[in-house]
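As a plain string of letters, each chain reads:
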Amino acid sequence: MKRLLCIISVIMFFAVVSILGQNKEDYSNDPGYMDFGDLAPFMNSDNMTEVNIESYLLKMVSNMTAKDDPELSSLLQGLKLVKVYSFKVEGKNVREISGKIDQIDNKLSNKDWNRIVKVKSKGENTNVYIKTTPDQKHIVGLVVTSLEKDGEAAFVNIVGKIDMDALGRLGNKFDIPSLEKIHK
Amino acid sequence: MKRSNIIDEKLLNSIISTAYGDANIVERLKVYFYYIKDPRIKELFNEYKQTAGAVHSYKKLDCPDKILQLTYAKIYGEEIRRRNKARFIRFASARPVIVTTASLIIIALVGLFMLNRQHEENQYSKADVLKAETQVKQSLAIVGRVFRKTENKLTEDVLEKHVTPPIKKSYDTINNLLNGG
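Residues numbered from 1 in each chain as written. Chains lettered and ligands numbered in written order. Predicted model: local features only at pLDDT ≥ 70, side-chain atom pairs only at ≥ 80, totals over all residues. Heavy atoms only, no water.

J.: What am I meant to see in the overall build of chain A here?
T.: A count of helical and extended segments in chain A gives 6 helices and 6 strands. Beginning at the N terminus, the succession of helices and strands in chain A can be written as α-β-α-α-β-α-β-β-β-β-α-α. Here chain A holds 184 residues, and 47% of them are scored as buried. Considering only contacts in chain A between residues 6 or more positions apart, those separated by 24 or more positions represent 61%. Of the roughly 10,000 Å² of accessible surface on chain A, 53% is carried by carbon and sulfur atoms. (Helix = DSSP H or I, 4+ residues; strand = E, 2+ residues; numbered from the N terminus. Buried < 20%, exposed > 50% of the residue type's maximum accessible area, 1.4 Å probe, protein only. Contact = heavy atoms within 4.5 Å. Areas by Shrake-Rupley, 256 points an atom, 1.4 Å probe, with all protein chains shown as cover.)

J.: What is the right way to look at the sheet that holds strand E5 (residues 139-147) of chain A in this model?
T.: Within a sheet, neighbouring strands are paired by backbone hydrogen bonds and run either parallel or antiparallel to one another. Residues and elements named next belong to chain A. Strand order in this open sheet of 6 strands is E1-E2-E6-E5-E4-E3, and the pairing throughout is antiparallel. With partners counted over all chains shown, the strands left at the sheet margins are strand E1 (48-54) and strand E3 (114-121), one partner each. Averaged over all pairs of adjacent strands, the angle between their axes in this sheet comes to 5 degrees, without regard to strand direction. In the sheet, E1 pairs with strand E2 (residues 79-88) via 7 bridges, with the strands oriented antiparallel. Bridged to glutamate 50 within E2 is tyrosine 85. Packed onto the sheet, helix H4 (residues 92-110) meets E2, E3, strand E4 (124-132), E5 and strand E6 (152-162) and runs at close to 155 degrees relative to E5. (Pairing = 2+ DSSP bridges. Axes fitted to C-alpha atoms, helices over the stretch in contact; angles between N-to-C directions.)

J.: Any chance you could explain the confidence of the model for chain B here in plain terms?
T.: Should pLDDT be low for a region, the predicted coordinates there are not to be read in detail. The pLDDT averaged across chain B works out to 81; a share of 92% of its residues lies at or above 70. We note a pTM of 0.57 for the whole complex and an ipTM of 0.70 for its interfaces. (pLDDT = per-residue confidence, 0-100.)

J.: Could you clarify how one ought to interpret the packing of aromatic side chains in this entry?
T.: The description of an aromatic ring pair uses the distance of the two centres, along with the angle that the planes make with each other. All chains considered together, the criterion is met by 6 aromatic pairs over all chains. With centroids separated by 6.3 Å and ring planes inclined at 85 degrees, the aromatic side chains of Phe36(A) and Tyr85(A) adopt a geometry described as edge-to-face. On the criterion of sequence distance, the pair formed by Phe36(A) in the loop between helix H1 (2-21) and E1 and Tyr85(A) in strand E2 is long-range, its members being 49 residues apart. Each member of the pair Phe36(A) and Tyr85(A) is classed as buried. With centroids separated by 6.0 Å and ring planes inclined at 10 degrees, the aromatic side chains of Phe87(A) and Phe155(A) adopt a geometry described as stacked. With a gap of 68 residues between them, Phe87(A) in strand E2 and Phe155(A) in strand E6 connect regions that are remote in the sequence. For the pair Phe87(A) and Phe155(A), one class covers both residues: buried. The aromatic ring of Tyr34(B) is capped on one face by Lys37(B), whose charged end is 5.3 Å from the ring centroid. (Phe/Tyr/Trp six-rings, centres within 6.5 Å; stacked < 30°, edge-to-face > 60°. Lys NZ or Arg CZ within 6 Å of the ring centre and 35° of its normal.)

J.: Hey, could you run me through the layout of surface pockets in this one?
T.: Vacant regions in the atomic arrangement are exposed by a probe of water-molecule size rolled over the atoms. Residue and element names in this part refer to chain B. Approximately 180 Å³ is the volume attributed to the second largest pocket. Broken down by element, the lining of the second largest pocket gets its largest block of residues, 5 residues, from helix H7 (residues 126-178). The residue inventory of the lining of the second largest pocket, partitioned by class, reads no nonpolar, 1 polar and 7 charged. (1 Å grid on protein atoms, 1.4 Å probe; cavity = no way out; pocket = protein on both sides within 12 Å on 5 of 7 lines; lining within 4 Å. Points joined across faces, edges and corners; volume = space filled by probe spheres on them. Nonpolar A, V, L, I, M, F, W, Y, C, P; charged D, E, K, R; others polar.)

J.: Just checking my understanding: could you explain the nonpolar core for this structure?
T.: Across soluble globular proteins, you tend to see nonpolar side chains buried next to one another. By size, the foremost hydrophobic cluster in this structure holds 33 residues, and its most contacted members are Leu142(A), Ile158(A), Ile162(A) and Leu167(A). Sort the elements by how many residues they give to this core and H7(B) lands first, with 7 residues. Residues contacting Ile162(A), with those up to four places away along its chain left out, are Leu79(A), Ile139(A), Val140(A), Gly141(A), Leu142(A) and Leu167(A). (Core = buried A, V, L, I, M, F, W, Y, C linked by side-chain atoms within 4.5 Å.)

J.: I would appreciate a short explanation of the environment of Ala166(A) in the present structure.
T.: Residue and element names in this part refer to chain A. Residue placement: alanine 166 occurs in helix H5 (residues 164-173). Sequence-wise, alanine 166 and leucine 72 are 94 residues apart; in three dimensions their C-alpha atoms are separated by 7.8 Å. Setting aside anything within four residues of it in sequence, one finds alanine 166 in contact with Glu71 and Leu75.

Put into structure tokens, the structure is as follows:
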């Protein structure tokens, strides 16, 4: 009897931990997830954007925008995580960030990501990668690493079912002047 | 039926089996001897033979599995449900501790799950969702800007500066050759 109660207590403990643990979802095992490592040393608080939106909040935004912007709502429905780091680098940090982008490039190439864009010229280093399902019917991850001539760096990871056409259209649509001001 | 009562049960079975063609050789011989000897057996055998002929004349139909399953469920469904219920009651009365504990665990888990959902729903205010919407749009804008810059680079820089001039030069060379220049 004591043994039975002991087993039941252990089961209950793990069940409670797993249910409560759902609050903080772990995306690291998701095929579309990419860990950019520690970018904090490059980011100063004056000129940076850090976004980390998880699935539950994305769904809430999706529900909220369903009426006004059905395309955005539909795109967000399939997403699990949106992670963005955007900041400006200067001096020796420019070379280090460019090295970091090359490191990420190696890492993603080893993990069977497809690089769809690579631009590397003087002071500029931009790559775009996608991760597809094994049957290659759906895109489940997107990574953008970008360093521009003016020192503007961006690291983006979108996890979940991604409609690239909608992403491109919405990307153009939301590139409004007020947002430009935020980054410049 | 009356006639069959005065005939030995075993013999009747043999007659039926023989009439339907299912009997073995010994049974068939036995029936054959009775058939010759006893006119009642002969008559009975002929009756069964006739019935067997009629039965065998029916065409065999393949019944779809779905209909078979439905029929089975209709005939035995209630019985199975009754048996399962009885089995569960027997199990529950034999092991009340296990059943009570399992029920409590299920209730506790469902309760926790619902509480957790409620907590998640209350976790974000409207302002949080609005902020998230802006951040999503910012993120999409960053991606859009990278895409657009790449497109511009391809059309303005790569195609215009590095692809178009050699093609144009080739055309000029061909034109010169054709014109005898």
